[in-house]
Amino acid sequence: MQFGVFTIGDVRTDPATGRTPTERERLMMMAAIAEKAEEVGFDVFATGEHHNPPFVASSPTTLLGYIAARTERIILSTSTTLITTNDPVRVAEDYAVLQHLAGGRVDLMTGRGNTAAVYPWFGKDVRDGIPLAVENYTLLHRLWREEAVDWHGRFRTPLQGFTSTPRPLDGVPPFVWHGSVRSREIAELAAYYGDGFFANHLFMPGEHFVELVELYRDRFEQHGHGSRDQAVVGLGGQVFMRKDSQDAIREFRPYFENAPVYRGAPSLEEVAARTPLTVGSPQQVIDKTLSFRGNFGDYQRQLFSLDPGGMPLKAVLEQLDLFGEILPTLRAGFAAGRSATASAGPVHPALRAAGAR
């Protein structure tokens, strides 16, 4: 089981202090979170990709390359890489370079993106979102596995005998997760290729995502990649933790009310009761996180959002210190009774040893 943190890189005013960080401060904050996450024992750090204000995470490989030089162990990933508006040739090249520089500790999560306005900025039509995701990923998959690619599709210039460079490290492409909030087509795409499927698992009741994960598991097996419990599943989640649960609720409330995704929603207490959002003590975080297994079965990766809505770096680092105390308990809880056939979280050495293609 892999545990990690992810960030969307939003630049927002801290509702507790009225201060707005500069873009540079926010980028350096994201790097500091990644370094601290490694220090306390997390397995993964992931950054989103956005090309519109108020976000600064427009170049994931640049940020992750910087973090790679400052870390030694943590897996560097995305949440997500826009497979619709990025050229798959550039994705193949950029992430292969990062994979080499980071010594293999790289994977990525592809997705459509949830900002319709971005599509025309890159010459795309949001109505083509699903066809773009399918076609572009099909090409990316081939570019990492074939030395010379001939290609003709709807959305980009044809290729003849094209070789993407550098080739993947050790001949093993970065592991790919396909991330989604509600798309059955994306779950099917993940299952067709035998890749990982990552359910957003934010802002809505957990049951909303169970159908997608079950579809993915069923189709993973039907496509001949293994049994349902060998499918590779990841989940998101959002946490704010203090030693005392009432302190956590009191401190987090302004950030909850400041977050656009929660505006117009019921109270913090109601949202936390109905969704994966966890605001409380370390024991409450342990209990609720372990409860996800009841809905989804054994899964491979759990990522937590800790820094949205203007949250200051000090508060995020304090959350990470608390996570460092409870990660052993979470690991033990997920390991207890785990199916012997359930897949492990993907890492480059294991993929290389298995001859992953």
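Structure: see above.
What you are looking at is a predicted structure, and each value in this text was computed from that prediction instead of being measured. (Residues numbered from 1 in each chain as written. Predicted model: local features only at pLDDT ≥ 70, side-chain atom pairs only at ≥ 80, totals over all residues. Heavy atoms only, no water.)

Contact geometry of helix H1 (residues 23-40) with helix H11 (residues 313-335) gives a least axis separation of 9 Å together with a crossing angle of 15°. It follows from the interaxial angle that H1 and H11 lie roughly parallel. For the crossing formed where H1 meets H11, the hand is right-handed. Residue-level contacts link Met29, Ala32, Ile33, Lys36, Ala37 and Val40 of H1 to Leu313, Val316, Leu317, Leu320, Asp321, Gly324 and Leu327 of H11. Here the residues of the contact of H1 with H11 sort into ten nonpolar, one polar and two charged. (Axes fitted to C-alpha atoms, helices over the stretch in contact; angles between N-to-C directions. Helix = DSSP H or I, 4+ residues; strand = E, 2+ residues; numbered from the N terminus. Parallel < 35°, antiparallel > 145°, perpendicular 65-115°, else oblique. Left-handed = near helix turned anticlockwise from the far one by under 90°. Contact = heavy atoms within 4.5 Å. Nonpolar A, V, L, I, M, F, W, Y, C, P; charged D, E, K, R; others polar.)

Moving on, we come to the pattern of salt bridges. Taken as a whole and assessed by the stated rule, the structure comprises 29 salt bridges. In this structure, Asp87 engages Arg156 in a salt bridge whose closest nitrogen and oxygen atoms are separated by 3.0 Å. A residue pair is termed long-range when its members are at least 10 positions apart, and Asp87 in the loop between strand S4 (81-82) and helix H3 (88-101) and Arg156 in the loop between strand S6 (149-151) and strand S7 (159-162) qualify at 69 residues. Residue Asp125 is joined to Arg127 by a salt bridge in which the shortest nitrogen-to-oxygen separation is 2.7 Å. According to the relative accessible area criterion, Asp125 is partly exposed, its value standing at 26%. (Salt bridge = Lys/Arg side-chain N within 4 Å of Asp/Glu carboxyl O. Buried < 20%, exposed > 50% of the residue type's maximum accessible area, 1.4 Å probe, protein only.)

In this section: the side chain of Arg156. Side chain to side chain, Arg156 and Asp87 meet in a polar contact 3.0 Å long. With sequence-adjacent residues up to four places away left out, Arg156 is seen in contact with Asp87, Pro88, Val89, Glu135, Leu139 and Trp151. (Polar contact = N/O pair within 3.5 Å; in protein donor to acceptor, adjacent residues only side chain to side chain.)

Here we take up helix H7 (residues 207-222). If you check H7, its first and last C-alpha atoms are 23 Å apart, about what 16 residues at 1.5 Å a residue would give, namely 22 Å. Taken as a whole, H7 has its buried residues at Phe209, Val210, Leu212, Val213, Leu215, Tyr216, Arg217 and Phe220. Of the surrounding secondary structure, the elements contacted by the buried residues of H7 are strand S8 (175-180), helix H6 (184-193), strand S9 (196-199), strand S10 (233-235) and helix H10 (282-296). A positive backbone phi angle near 85° is found at Gly224, which sits one or two residues after H7. (Expected span 1.5 Å × (residues − 1).)

A word on helix H5 (residues 129-143). In a regular helix each residue adds 1.5 Å, so 15 residues correspond to 21 Å; H5 covers 21 Å between its end C-alpha atoms and thus fits that length. Of all the positions in H5, only Gly129, Leu132, Ala133, Glu135, Asn136, Tyr137, Leu139, Leu140, His141 and Leu143 are classed as buried. In this structure, the buried side of H5 is in contact with H3, helix H4 (118-121), S6, S7, S8 and H6.

Another point: the packing of H1 against helix H2 (residues 60-70). Put simply, H1 and H2 touch, their axes get as near as 10 Å, and they point 40° apart. Regarding the angle of H1 to H2, the classification is oblique. The hand of the H1/H2 crossing is right-handed. Where H1 abuts H2, its residues Leu27, Met28, Met30, Ala31, Ala34 and Glu35 lie against Leu63, Tyr66, Ile67 and Arg70. Each residue belonging to the contact of H1 with H2 can be placed in one class, and the counts come to eight nonpolar, no polar and two charged.

So, on to unusual backbone geometry. Note: most peptide bonds trans; most residues except glycine with negative phi. The omega angle of the peptide bond from Ser79 to Thr80 is 20°, so this bond is cis rather than trans. Relative to the assigned elements, Thr80 resides in the loop between strand S3 (75-78) and S4. Between Thr165 and Pro166 the backbone carries a cis peptide bond, its omega angle lying at -5°. Note that Pro166 resides in the loop between S7 and S8. A positive phi angle, close to 55°, is found at His201, a residue other than glycine. Located in the positive-phi region is Phe203, a residue other than glycine, with phi close to 70°. As for its placement among the helices and strands, Phe203 is situated in the loop between S9 and H7. Phe203 gets classed as partly exposed once you look at its relative accessible area, which sits at 36%.

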